[in-house]
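# Structure at a glance
These are the residues of each chain, in order.
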Amino acid sequence: MNPKIGNLLYAGKAKDVYKTDDPKRVIVKFRDDITAGDGVKSEKMVKKGFYNSLISSKFFEVLENAGIKTQYIELIEPGYMLCKKLDMLPLEVITRNIAAGSLLKKFPFKTRQELNPPVIQMDYKNDEYHDPMLNDSITIALGLADQEQLDIIRDITLKINSVLKDFLLSKNILFPDFKIEYGFDSSGNIVLGDEISPDTCRFWDSKTCEVLDKDLFRKGDSGVMDAYVKVASLILSEKDIKKWKIEL
Ligand SMILES: Nc1ncnc2c1ncn2[C@@H]1O[C@H](COP(=O)(O)OP(=O)(O)OP(=O)(O)O)[C@@H](O)[C@H]1O
Ligand SMILES: [Mg+2]
């Protein structure tokens, strides 16, 4: 592999982060593991890492083209993404355009209620505490981020939402909600990291409302991988499909 993959820095629930020869760069390996419920439910899904890396790369490219700073450098090959090494903020930044999932369990929103302006929620990324919801005051008191950084994160997140929502709608996909993570690059800029994939977003077919994301796995439905492949087939260009010899 070029650049050469170095030692493992960190193994998460669905991805591994490896060193490279350049201390400012890492290789993120997208694995085939799929988990739900704080990792309680866990399985392997053949080629999930392959497709999620391609889907994530596409979204990072769309965002970079819209002037948003991301970790993305290049997809070395499906499954392996070359990224800027970030000092990650332990925040899960969730944006919602349509009420679904845990929002319906916690608050009296109606199923599929449109949320305009979008709702932004931040959870503390901490398995021991089961990722509790934060407010700015708690985030600042915990020393996770200051007010200025939180304001920057909200601004970038709204822009990301608007760019991806429009892009997806042009591909006949609705974007009810998504979770992203940020970190600091070597110059101290707040940069989008991690992944954007059916593991971390809700995607619905805009015509049929068919679910095309990890909710299928959470509910124990069949066809999880077929849905991920469908997202890839809808968003990837002919060029990507040829380049990576993707079988759709
Ligand atoms: N560009 C980056 N540089 C450094 N670390 C990153 C970068 N992007 C993502 N990460 C971190 O790498 C890990 C990715 O692995 P994965 O998503 O499988 O972990 P996770 O199970 O969500 O998280 P964790 O195990 O940390 O609770 C996460 O901890 C994420 O914050
Ligand atoms: Mg993760």
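What comes next concerns the included structure. (Residues numbered from 1 in each chain as written. Chains lettered and ligands numbered in written order. Predicted model: local features only at pLDDT ≥ 70, side-chain atom pairs only at ≥ 80, totals over all residues. Heavy atoms only, no water.)

### Some remarks on the sheet that holds strand β3 (residues 25-30)
The condition is simple: For two strands to count as paired, DSSP must find a minimum of two bridges between them. Think of it this way: any DSSP run of H or I at least four residues long counts as a helix, any run of E at least two long counts as a strand, and we number them from the N terminus. The axes are straight lines fitted to the C-alpha atoms, using for helices just the contacting stretch, and the angles between their N-to-C directions are given from 0 to 180°.
Judged by pairing direction, the sheet is antiparallel, and its five strands sit side by side in the order β1-β2-β3-β7-β6 without closing on themselves. The open sheet has two edge strands, β1 (8-11) and β6 (72-77), and neither has a second partner. Across this sheet, the average inter-strand angle for adjacent strands is 25 degrees, counted without regard to direction.

### Re the site of ligand 1
Note the threshold: One heavy atom within 4 Å of a molecule or strand makes the whole residue count as near it. Polar contact is the term for a pair of N or O atoms within 3.5 Å; when the atoms are in protein, one must be able to donate a hydrogen and the other to accept it, and sequence-neighboring residues count only if both atoms are side-chain atoms. We get accessible surface area from the Shrake-Rupley algorithm with a probe of 1.4 Å; when it comes to residues, only the shown protein chains can shield them. Under the scheme applied, nonpolar residues are Ala, Val, Leu, Ile, Met, Phe, Trp, Tyr, Cys and Pro; charged residues are Asp, Glu, Lys and Arg; polar residues are all the others, including Gly. Delimitation of the domains relies on an automatic or database domain assignment.
Surveying the vicinity of ligand 1 reveals 15 residues, the closest of which are Y10, A14, K15, Q71 and E181. A distance of 2.3 Å is found between an oxygen atom of ligand 1 and a side-chain nitrogen or oxygen belonging to Y10. At 3.0 Å from a nitrogen atom of ligand 1 is found a main-chain nitrogen or oxygen belonging to L86. Coverage of ligand 1 by the protein chains reaches 86% of its 610 Å² of free accessible surface. Residues of the shell around ligand 1, tallied by class, amount to five nonpolar, two polar and eight charged. Viewed by domain, the shell around ligand 1 spans two of them, domain 1 (8-87 + 224-243) and domain 2 (88-205), each represented by three or more residues.

### Focus: the pairing of β3
Of the pairings in the sheet, the one linking strand β2 (residues 15-19) to β3 comprises five bridges and is antiparallel in character. When the bridges of β3 are listed, K19 appears paired with V26. Linking two consecutive strands that pair antiparallel, namely β2 and β3, is a turn of five residues.

### Observations regarding the environment of L158
Short version of the rule: Two residues qualify as a contact provided that any one of their heavy atoms is within 4.5 Å of a heavy atom in the partner residue.
Structurally, L158 is set in helix α4 (residues 147-170). Taking the C-alpha atoms as reference points, L158 and I68, 90 residues apart in sequence, are found 11 Å from one another. With residues up to four places along the chain from it excluded, the contact list for L158 reads P118 and I120.

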